Amino acid sequence: MEKKSLHVKTERLLIREAEEQDIETVIQLESHPENRDYLWIGTYEEHLAEISDPCHLLLMFEEKETGRIIGYALIRLDFKSDVFELRRIAISDKGRGFGKESMKALIAWAFEEIGTNRFWLDVYPDNLIGIRLYESLGMHRDGVLRQNYRAERGYLDQIIYSVLREEYFGRK
């Protein structure tokens, strides 16, 4: 797996790497009432470090028609083991299919462009919209990390979902 610059177009979106001027928008997306219980909220400095870190991709989802930012994702790349971890994803315009469109594009890019072996993410059990999305994409439920994360809401479980290269190409 090798890191390549990401610039992906879908039917309605342009997915591009974030720049420093995008950080405030990322923080707004993380802090939105419909997102904040399901995401870790980073600081300006942490997001700036992610932009410059070769093992991370901070991505912006831009609506092609309007140029409006409708979401973002944070990816961690493990080049030794060819693992693509979707650390965070947030969409501002809910119910319009942007999450599914973004996820399909990220999964395809991970396997087809950079040679990922395993694409994975974790999700809190009360994030029912996320769980439905990941399952609709055919992701495998690997298991639960019980009370793995301490948040303001208490100790939270994390459900692990993944797709392997052989599964992805077997379905294509």
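Conventions adopted
Residues numbered from 1 in each chain as written. Predicted model: local features only at pLDDT ≥ 70, side-chain atom pairs only at ≥ 80, totals over all residues. Heavy atoms only, no water. Helix = DSSP H or I, 4+ residues; strand = E, 2+ residues; numbered from the N terminus. Axes fitted to C-alpha atoms, helices over the stretch in contact; angles between N-to-C directions. Parallel < 35°, antiparallel > 145°, perpendicular 65-115°, else oblique. Left-handed = near helix turned anticlockwise from the far one by under 90°. Contact = heavy atoms within 4.5 Å. Nonpolar A, V, L, I, M, F, W, Y, C, P; charged D, E, K, R; others polar. Phe/Tyr/Trp six-rings, centres within 6.5 Å; stacked < 30°, edge-to-face > 60°. Buried < 20%, exposed > 50% of the residue type's maximum accessible area, 1.4 Å probe, protein only. Pairing = 2+ DSSP bridges. Salt bridge = Lys/Arg side-chain N within 4 Å of Asp/Glu carboxyl O.

*Asks:* Explanation requested: the environment of Gln28 in the structure shown.
*Replies:* Structurally, Gln28 is set in helix 1 (residues 23-31). Through-space distance from the C-alpha of Gln28 to that of Ala49 is 18 Å; in sequence the pair is 21 residues apart.

*Asks:* Hey, could you run me through the packing of helix 3 (residues 98-113) against helix 4 (residues 128-136) in this one?
*Replies:* To characterise two packed helices, one gives the angle between the axes of the helices and the distance between these axes. The interhelical angle for the contact between helix 3 and helix 4, taken along N-to-C directions, is 45 degrees, at an axis separation of 11 Å. Viewed along their axes, helix 3 and helix 4 adopt a mutual orientation that is oblique. Considering the relative orientation of helix 3 and helix 4, their crossing is right-handed. Mapping the contact onto sequence places Gly99, Lys100 and Met103 in helix 3 and Leu133, Tyr134 and Ser136 in helix 4. Looking at the contact of helix 3 with helix 4 residue by residue, the class counts come to three nonpolar, two polar and one charged.

*Asks:* Is there a simple way to think about the packing of aromatic side chains in this case?
*Replies:* Think of a pair of aromatic rings as described by two things: how far the centres are apart, and how the planes are tilted against each other in angle. One pass over the structure, following the stated rule, counts six aromatic pairs. Ring geometry for Phe84 and Trp109: centres 6.4 Å apart, planes at 70 degrees, overall edge-to-face. Placement of Phe84 in strand 5 (residues 83-91) and of Trp109 in helix 3 is noted, with a sequence separation of 25 residues between them. With a relative accessible area of 0%, Phe84 lands in the buried category. On the accessibility criterion, Trp109 (7% relative accessible area) is buried.

*Asks:* Just checking my understanding: could you explain the sheet that holds strand 2 (residues 13-17) for this structure?
*Replies:* Through backbone hydrogen bonds, the strands of a sheet pair up, either in parallel or in antiparallel fashion. Read from one edge of the open sheet, eight strands run 1-2-3-4-5-6-8-7, paired in mixed fashion. Taken across any chain shown, the strands that pair with only one partner, and hence form the sheet edges, are strand 1 (7-9) and strand 7 (140-151). Mean inter-strand twist for the sheet, computed between neighbouring axes without regard to direction, equals 25 degrees. Pairing between strand 1 and strand 2: three bridges, direction antiparallel. The residue of strand 2 that forms the bridge with Val8 is Ile15. Its contacts with the sheet put helix 3 on strand 1, strand 2, strand 3 (56-63), strand 4 (69-78), strand 5, strand 6 (118-123) and strand 8 (154-164), and the angle it makes with strand 5 is roughly 160 degrees. Sheet strands in contact with helix 4 are strand 5, strand 6 and strand 8, and its direction is about 15 degrees off that of strand 8.

*Asks:* Please explain the pattern of salt bridges as it appears in this structure.
*Replies:* Pairing between side chains becomes possible if they bear opposite charge and their charged atoms approach one another. Evaluated as defined, the whole model comprises 13 salt bridges. Note that Arg68 and Asp93 form a salt bridge whose closest N and O atoms lie 2.6 Å from each other. Residue Arg68 is found in the loop between strand 3 and strand 4, and its partner Asp93 is found in the loop between strand 5 and helix 3; the two are separated by 25 residues along the sequence. With relative accessibility at 35%, the residue Arg68 sits in the partly exposed group. Salt-bridge contacts for Arg76 lead to Glu85; the nearest nitrogen and oxygen are separated by 2.7 Å. Judged by its relative accessible area of 34%, Arg76 falls in the partly exposed class. What you see here is one network of salt bridges that share partners, running through Glu63, Arg68, Asp93 and Arg96.

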